[in-house]
Amino acid sequence: MKVQLDYDACHGHQSCAIAAPEVFGADDYGNAVVLIEGDLPVELETKARRAEGNCPERAITLIDS
Amino acid sequence: MTTIDPTTDYDIFDPEYVLNPFPTIDQIRESECPVAHTERWGGSWMPTRYADIVAVAQEHDVFTSRQILVTGPPDGQAPEGAYAGVAAPPISSDPPEHHWHRRLILPFFAPQAVAKYEPITRELCHSLIDKFIDKGEADSAADYAQQIPVRVIATMLGVPTDMSDTFTGWVRGVLEAGLMDQEVRLEARGNILGFFHAQVADRIANPREDDLITTLLNSEIDGQKVPVEYVMGVCNLMLVAGVDTTWSSIGASLWHLAQHPEHRRQLRDDPELWPAAIEELLRMYAPVTMARIVDRDIEFQGCPMHAGDRVLMSFPAANRDPRQFENPNEVDFEREHNRHVAFGAGIHRCAGSNLARLELRIALQVWLERIPEFQLADPSAVTWAGGQVRGTRVAKVTF
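Counting restarts for each chain: residues are numbered from 1 in the order of the written sequence. A letter from A marks each chain and a number from 1 marks each ligand, given out in the order of writing. It should be noted that, the model being predicted, local features are given only for residues of pLDDT at least 70 and side-chain atom pairs only at 80 or more, the latter also being counted only at that level, while totals for whole chains, interfaces and linings use all residues. In computing side-chain properties, one takes all heavy atoms of the structure into account and sets aside hydrogens as well as water.

A few words on the overall build of chain A. Along chain A, the regular secondary structure elements total 2 helices and 4 strands. Note on method: radius of gyration uses C-alpha positions; expected globular size equals 2.2 Å times residues raised to 0.38. The C-alpha radius of gyration of chain A comes to 10 Å, within 12% of the 11 Å expected for a compact globule of 65 residues. Each residue is assigned to one of three classes by its accessible area relative to the maximum for its type, calculated with a 1.4 Å probe on protein chains only: buried under 20%, partly exposed between the two thresholds, exposed over 50%. Per-residue burial for chain A yields a buried fraction of 51% across its 65 residues. We call two residues in contact when some of their heavy atoms are within 4.5 Å. Contacts spanning at least 24 positions in sequence make up 57% of the contacts within chain A whose residues lie at least 6 apart. Residue burial considers only the protein chains on display, and all accessible areas are found by Shrake-Rupley using a 1.4 Å probe. Of the accessible surface of chain A, which amounts to about 3,100 Å², a share of 47% is contributed by carbon and sulfur atoms. Counted as positive: Lys and Arg. Counted as negative: Asp and Glu, with His and the chain ends omitted from the count. By convention, the charge on Lys lies at NZ, on Arg at CZ, on Asp at CG and on Glu at CD. The centroid of the 5 positive side-chain charges in chain A is displaced by 9 Å from the centroid of its 12 negative side-chain charges. A run of DSSP states H or I qualifies as a helix once it reaches four residues; a run of E qualifies as a strand once it reaches two. Both are numbered from the N-terminal end.

A separate point is a negative patch on the surface. Residue and element names in this part refer to chain B. Side chains of Asp 269, Asp 270, Glu 272, Glu 330, Asp 332 and Glu 334 sit close together on the surface and give a patch of like negative charge. Turning to its location among the elements, Asp 332 is positioned in the loop between α17 (315–318) and α18 (353–370). By relative accessible area, Asp 332 is classed as partly exposed at 33%. To count toward a patch, a residue needs a relative accessible area above 30% and no salt bridge. Like charges then connect within 9 Å, nonpolar side chains (Val, Leu, Ile, Met, Phe, Trp, Tyr) within 5 Å. Any carboxyl oxygen of Asp or Glu that lies within 4 Å of a side-chain nitrogen of Lys or Arg is treated as forming a salt bridge with it.

Okay, the packing of helix α10 (residues 148–157) of chain B against helix α14 (residues 228–259) of chain B next. Residue and element names in this part refer to chain B. Where α10 meets α14, the axes come as close as 8 Å, and the angle between the chain directions of the two elements is 150 degrees. As far as their axial angle goes, α14 and α10 are roughly antiparallel. Remark: the crossing between α10 and α14 carries right-handed chirality. Across the interface between the two elements, Ile 148, Pro 149, Val 150, Ile 153, Met 156 and Leu 157 of α10 pack against Cys 235, Met 238, Leu 239, Gly 242, Val 243, Thr 246, Trp 247 and Ile 250 of α14. Side-chain classes follow a simple rule in which Ala, Val, Leu, Ile, Met, Phe, Trp, Tyr, Cys and Pro form the nonpolar group, Asp, Glu, Lys and Arg form the charged group, and the remainder, Gly included, forms the polar group. Per-class residue counts for the contact of α10 with α14 are 12 nonpolar, 2 polar and no charged. An axis is simply a line fitted to the C-alpha atoms; with a helix, the fit covers only the stretch in contact. Between two such axes, the angle follows the N-to-C directions and lies from 0 to 180 degrees. Roughly parallel here means an angle under 35 degrees, roughly antiparallel means over 145, roughly perpendicular means 65 to 115, and every remaining angle is called oblique. Each crossing is labelled by how the near helix is turned from the far one, with a counterclockwise turn of less than a right angle marking it left-handed and a clockwise turn marking it right-handed.

An α-helical segment advances 3.6 residues per turn. Residues three or four places apart therefore align on the same side. The span you would expect from a helix comes to 1.5 Å times its residue count less one. Its 18 residues give α18(B) an end-to-end C-alpha distance of 26 Å, which sits within 8% of 26 Å, the value for a rise of 1.5 Å per residue. Within α18(B), 15 of the 18 residues are buried, which leaves it mostly tucked inside the rest of the structure.

Residue and element names in this part refer to chain B. Two strands pair if DSSP finds at least two bridges between them. What the 3 strands build is an open sheet, ordered β4-β14-β11; its pairing is antiparallel. Strand pairing shows two members of the sheet lacking a second neighbour, β4 (137–139) and β11 (375–376), which therefore form its edges. Note that β4 and strand β14 (residues 396–398) share 3 bridges and pair antiparallel. Residue pairing for β14: Ala 138 is matched across the bridge by Val 397.

Below, the discussion takes up the interface of chain A and chain B. The accessible area lost on association of the parts is a frequent measure of interface size. Across the boundary between the two partners, chain A contributes 20 residues, which contact 29 residues of chain B. Note: buried area is the sum, over both parts, of the accessible area (probe 1.4 Å) each one loses when the two are combined. For the pair chain A and chain B, the summed buried surface comes to about 2,000 Å²; carbon and sulfur atoms form 44% of the total. On the surface where chain A and chain B come into contact, there are 2 salt bridges. With a closest N to O distance of 3.4 Å, Glu52(A) and Arg339(B) form a salt bridge. Any pair of N or O atoms that falls within 3.5 Å is considered a polar contact. Within protein, one atom must be able to donate a hydrogen and the other to accept it, and sequence-neighbouring residues count only if both atoms are side-chain atoms. Here chain A is connected to chain B by 13 residue pairs in polar contact (both at pLDDT 80 or more). Contributions of two or more residues to the side of chain A that touches chain B are made by α1 (15–19) and α2 (45–54) of chain A. Residue contributions to the side of chain A that touches chain B peak at 5 residues, all from α2(A). Within the side of chain A that touches chain B, the residues separate by chemical class into 5 nonpolar, 8 polar and 7 charged.

With that settled, the discussion passes to the pairing of strand β1 (residues 35–38) of chain B. Across 4 bridges, β1(B) lies against strand β2 (residues 44–47) of chain B in antiparallel orientation. Directly across from Val35(B), in β2(B), lies its bridge partner Pro47(B).

Moving on: unusual backbone geometry. In this chain, Pro89(B) is followed by Pro90(B) through a cis amide linkage whose omega measures 5 degrees. Within the fold, Pro90(B) resides in the loop between β3 (63–64) and α5 (97–103). The linkage connecting Pro95(B) with the following residue, Pro96(B), adopts the cis geometry, with an omega of 5 degrees. Position of Pro96(B) among the secondary structure elements: in the loop between β3 and α5. Look at Arg58(A): it is not a glycine, yet its phi comes out positive at around 50 degrees. Along the chain, Arg58(A) falls in the loop between α2 and β4 (60–63).

With that settled, consider the environment of His60(B). Residue and element names in this part refer to chain B. Along the chain, the position of His 60 falls in the loop between α4 (50–58) and β3. His 60 gets classed as partly exposed once you look at its relative accessible area, which sits at 24%. Placed 232 residues apart in sequence, His 60 and Arg 292 show a C-alpha to C-alpha distance of 8.7 Å.

Below, the discussion takes up the side chain of Gln146(B). All names here are of chain B. Relative to the helices and strands, Gln 146 is located in the loop between α9 (140–144) and α10. Gln 146 sits in the buried class, given a relative accessible area of 13%. Gln 146 has contacts with Ala 141, Thr 168, Arg 172 and Trp 247, leaving out every residue within four places of it along the chain.

In this section: the side chain of Glu176(B). Residues and elements named next belong to chain B. The residue Glu 176 is located in the loop between α11 (164–175) and α12 (182–205) in this model. Residue class for Glu 176 comes out buried when judged on its relative accessible area of 13%. In contact with Glu 176, not counting residues within four places along its chain, are Val 171, Asp 244, Trp 247, Ala 385 and Arg 393.

Pasting the structure below:
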């Protein structure tokens with residue numbers, strides 16, 4: 001699984017980083033950044049799904065690889 | 001329930017609605033007219049479905065921020081007295097200015113930036129509890145929740161924390177009493193801006209190291225220093241938006257925990273639940289309703305909206321929509337999907353959200369650590385504020 005973030009849609013709620021702090025973080029402005037490029041370790045997939053499901057702006061897409 | 005039809009005549013200050021707005025909101029949401037309208041308090045539209053409220057928040061070119069208070073003259077042309085040129089950027093800004101108005105303040109509120117306020121918040125919470133723990137009773141709203149955010153914000157702004165009660169009075173003048181009486185609001189606004197005018201003048205004469213107001217005064221846009229009115233406006237916003245809101249959220253969450261021993265136990269048994277629990281409490285007890293002004297005549301969900309009309313964004317209503325949330329009126333710390341909009345959505349997402357979360361978490365953690373078991377002294381004696389900001393104002397508990 002890979003995560004894809006729509007940086008234009010993100011408005012810095014940080015819901016993703018709360019749900020999956022290993023996968024998402026914040027830049028200096030508090031907007032989301034993806035910490036793991038490429039395939040996620042399997043054990044983080046549940047958290048990544050929760051991050052996707054918590055984003056109010058629907059800025060996260062999960063791509064099954 | 002009142003006998004009036006809330007889809008055409010809702011009253012956000014009706015005492016029953018203030019105490020518990022959700023039966024009325026549910027009635028509107030499930031009616032044939034989920035975007036309600038009223039002539040009361042200057043007139044407004046009120047969508048009640050999650051998708052509609054998020055659409056209003058995201059479509060900022062149609063739904064502008066010329067006015068963001070839930071009452072008053074909808075055209076935003078109210079006389080603002082002295083300091084007429086001072087707004088509350090970026091909450092009161094529209095693009096294109098909104099972009100720099102917001103970008104300059106966001107770094108102060110990023111998660112990594114607000115983390116430094118955790119120790120003082122924790123210390124503050126302990127010192128408040130020290131004052132009443134031996135009595136076996138306290139007002140969880142007035143003695144605790146109300147005391148926390150104002151001191152954190154004062155610390156952040158570099159203004160005297162011993163003026164906290166004064167600040168609280170001013171903020172309530174704008175966001176509570178002032179919503180029903182424009183004179184009260186203007187007086188409170190004048191006090192706040194008069195105070196920050198003096199603070200800004202002091203920083204210009206005596207710049208300080210590591211100081212938010214000094215840093216803002218020294219910021220530049222396109223090679224020019226930012227206007228003093230902008231800095232005063234940001235201070236105005238931080239005080240007005242950073243006090244009543246978070247205090248209401250802390251208070252409502254304690255009110256919930258007082259009545260739900262199973263949720264207290266869950267947090268005690270599984271501390272890893274805290275981040276999700278905070279999000280769930282924010283969903284359930286979202287304090288804030290914001291307003292927008294319609295830019296041009298449009299039809300929205302079949303409603304003919306005219307330029308200058310006010311639209312309320314009731315984030316509490318959005319967060320209880322069963323179309324978006326399963327069992328929306330239940331607190332579930334293990335809720336799988338929680339796209340709550342307690343902090344709004346779109347370009348005006350609450351700039352202080354990371355600080356608010358930190359304060360809410362520390363306030364609840366310290367309370368439960370010191371007072372693990374507690375209950376409402378008299379549930380029927382609890383009072384709430386409503387309108388722009390919803391939360392407990394008197395909520396006595398025993399322990």
